[in-house]
Amino acid sequence: MFKDIQAVLFDLDGTLIDSAPDLGAAADKMRVDRGMSSFPLEHYRHMAGAGARGMLGIAFGMTPEHAEFEAMKEEFFVNYENCMTERTRIFDGVVEMISALLGQGLPWGVVTNKSSRFTDPLTAAMPLFSSAGAIVSGNTTPHAKPHPEPLFEAARRLSVDPARCVYVGDDERDIVAGLAAGMGTVAATYGYLGQQTDISRWKAHLHIDSPMALLKYLNKA
């Protein structure tokens, strides 16, 4: 799966950036605004990859079936928009990894389920993403991951055969989408793994415990 690789694609939250502090803060503000006690960040971190659903589940024990979920979700979104670049940081080793990929002549891109409402301003605020050849959000195509269409769209934008791409992500949906797209798949175990402990069942081609670990496999290829 890693021969003749021509591009590398990445999930965003939990793979390239640690956005858990801002996601958690957006949900926690909702608790405090209602006179409830504040939760520490670590209370939210493991569910950061699940976005509003995960954050509202932690903050209020609320599921998408709740009658007030949509209104609460929009309040969360507004809070997040107001703070999404305050505490979010790039994971250690990501800048060096991207630099190494570019040095090898490998274009790279982002495929996330995050809406462009957040993806566009967030990536515009971080210099790292100026070299990305494609940034595909959750609403860029008619389908979001685990459907493979967002990955196909990124490959089209990079003018690369999907079979010559590698996709790196920290969620099972990433691996399912990558496999469906015929890409090499890499599970980033340093990201947001939720409450899932047995990632072997995702059937990713590789697991990496740091961003830089990816390079040795690409170098071998």
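Everything numeric in this text was worked out from a predicted model, so none of it was measured. (Residues numbered from 1 in each chain as written. Predicted model: local features only at pLDDT ≥ 70, side-chain atom pairs only at ≥ 80, totals over all residues. Heavy atoms only, no water.)

What follows covers the nonpolar core. It is characteristic of soluble globular proteins that their nonpolar side chains tend to be buried jointly. If you look at the biggest cluster of nonpolar residues, it comprises 54 residues, and the most contacted ones within it are Val8, Phe10 and Phe76. With six residues, helix H4 (residues 69-83) is the largest single contributor of residues to this core. When sequence neighbours within four positions are dropped, the list of residues in contact with Val8 reads Leu101, Leu106, Pro107, Trp108, Gly109, Val166, Val168, Leu214 and Leu218. With 15 residues, the next largest nonpolar core counts Val136, Leu151, Leu158 and Met183 among its residues. (Core = buried A, V, L, I, M, F, W, Y, C linked by side-chain atoms within 4.5 Å. Buried < 20%, exposed > 50% of the residue type's maximum accessible area, 1.4 Å probe, protein only. Helix = DSSP H or I, 4+ residues; strand = E, 2+ residues; numbered from the N terminus. Contact = heavy atoms within 4.5 Å.)

As a further point, take the pairing of strand E7 (residues 184-188). Most of E7 sits out of view: five of its five residues are buried. Burial along E7 is two-sided: Gly184, Val186 and Ala188 facing one way and Thr185 and Ala187 facing the other are all buried. Summarising the sheet, strand E6 (residues 165-169) and E7 pair through four bridges and their orientation is parallel. Looking at the pairing, Val166 lines up with Gly184 of E7. Viewed along the sheet, the connection from E6 through helix H8 (residues 172-180) into E7 turns out right-handed. (Pairing = 2+ DSSP bridges. Right-handed = clockwise from strand over helix to strand, strands pointing away.)

A word on the sheet that holds strand E5 (residues 134-136). The strand order E5-E4-E1-E6-E7-E8 describes an open sheet built from six strands, whose pairing is parallel. Where the open sheet ends on each side, the last strands, each with one partner, are E5 and strand E8 (206-208). Geometrically, the sheet is characterised by an average inter-axis angle of 20° between neighbouring strands, direction not taken into account. Sheet topology places strand E4 (residues 108-111) next to E5; three bridges connect them, and they run parallel. Considered in E5, the bridge of Val110 is made with Ile135. Its contacts with the sheet place H8 against E6 and E7, and it is angled at close to 170° to E7. (Axes fitted to C-alpha atoms, helices over the stretch in contact; angles between N-to-C directions.)

Here the focus is the environment of Thr112. Checked against the element boundaries, Thr112 lands in the loop between E4 and helix H6 (116-124). Counting along the chain gives 62 residues from Thr112 to Asp174, while the straight-line C-alpha distance between them is 8.8 Å. Every residue in contact with Thr112, bar those within four places of it in the chain, is listed here: Asp11, Leu12, Asp13, Thr119, Val136, Ser137, Gly138 and Lys145.

By the definition in use, this model includes nine aromatic pairs. Residues Phe76 and Phe77 carry aromatic rings whose centres are separated by 6.0 Å and whose planes lie at 50° to one another, so their mutual orientation is tilted. A relative accessible area of 1% means that Phe76 is categorised as buried. Grouping aromatic residues by their ring pairs yields a cluster made of Phe76, Phe77, Tyr80 and Phe118. Note that Arg31 overlies the ring of Phe39, its terminal NZ or CZ placed 3.7 Å from the centroid. (Phe/Tyr/Trp six-rings, centres within 6.5 Å; stacked < 30°, edge-to-face > 60°. Lys NZ or Arg CZ within 6 Å of the ring centre and 35° of its normal.)

One pass over the structure, following the stated rule, counts 18 salt bridges. A salt bridge links Asp171 to Arg173; the shortest N-O distance between them is 2.9 Å. Judged by its relative accessible area of 29%, Arg173 is partly exposed. Through salt bridges with shared partners, a single ionic network connects Glu149, Glu153, Arg156 and Arg157. (Salt bridge = Lys/Arg side-chain N within 4 Å of Asp/Glu carboxyl O.)

This next bit is on the environment of Phe60. Positionally, Phe60 belongs in helix H3 (residues 51-60). Sequence separation between Phe60 and Glu81 is 21 residues; the distance between their C-alpha atoms is 20 Å.

What follows concerns the packing of H4 against H6. Contact geometry for H4 and H6: axes closest at 11 Å, N-to-C directions at 5°. Viewed along their axes, H4 and H6 adopt a mutual orientation that is roughly parallel. Of the residues in H6, those in contact with Glu74, Phe77, Val78, Tyr80 and Glu81 of H4 are Arg117, Phe118 and Leu122. (Parallel < 35°, antiparallel > 145°, perpendicular 65-115°, else oblique.)

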